[in-house]
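Inside the fold
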Amino acid sequence: MVPDRGDEGVPRARGVVSVDTWVDVTRDGPALATVIGFRDEASLKRFIDDPATDELGKKFDEFIGPHQHRVFRQAPVYRAASLSAP
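Residues numbered from 1 in each chain as written. Predicted model: local features only at pLDDT ≥ 70, side-chain atom pairs only at ≥ 80, totals over all residues. Heavy atoms only, no water.

**Remarks on the pattern of salt bridges**
- Applying the stated criterion across every chain, the model contains three salt bridges.
- With a closest N to O distance of 2.5 Å, Asp49 and Lys45 form a salt bridge. Of this pair, Asp49 and Lys45 both sit in helix H1 (residues 41-49), four residues apart, which is roughly one turn of that helix.
- Residue classification places Asp49 among the partly exposed positions, given a relative accessible area of 48%.
- In this structure, the salt-bridge partner of Lys58 is Glu55, at a minimum N-O distance of 3.5 Å. Of this pair, Lys58 and Glu55 are both found in helix H2 (residues 51-64), three residues apart, which corresponds to roughly one turn of the helix.
- When its relative accessible area of 44% is taken as the criterion, Glu55 is described as partly exposed. (Salt bridge = Lys/Arg side-chain N within 4 Å of Asp/Glu carboxyl O. Helix = DSSP H or I, 4+ residues; strand = E, 2+ residues; numbered from the N terminus. Buried < 20%, exposed > 50% of the residue type's maximum accessible area, 1.4 Å probe, protein only.)

What follows is the structure in structure tokens.
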């Protein structure tokens, strides 16, 4: 289901609504996290089940080094409004 990729290798799979890469300088180790947003659970499932997703993971590993590929059902980092200043 990852029929083609943009110039940077970003997936254009059906149901992908966003691709954001974050840099984390607060810890040692892999400092990049790429968060792929999906329209719905069905789109996420198609992406996970697609064999081309493993190839995409390998491309990311080649670029930034071996690292975990984890799936979150919600954003792994978010703003806590009650603990933040305006």
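**So, a nonpolar patch on the surface**
- Nonpolar side chains collect at one region of the surface, where Val23, Val25, Leu32 and Phe63 lie side by side and expose about 460 Å² of accessible area between them.
- With respect to the element layout, Leu32 can be found in strand S2 (residues 32-38). (Patch = residues over 30% accessible without salt bridge, like charges linked within 9 Å, V, L, I, M, F, W, Y side chains within 5 Å. Areas by Shrake-Rupley, 256 points an atom, 1.4 Å probe, with all protein chains shown as cover.)

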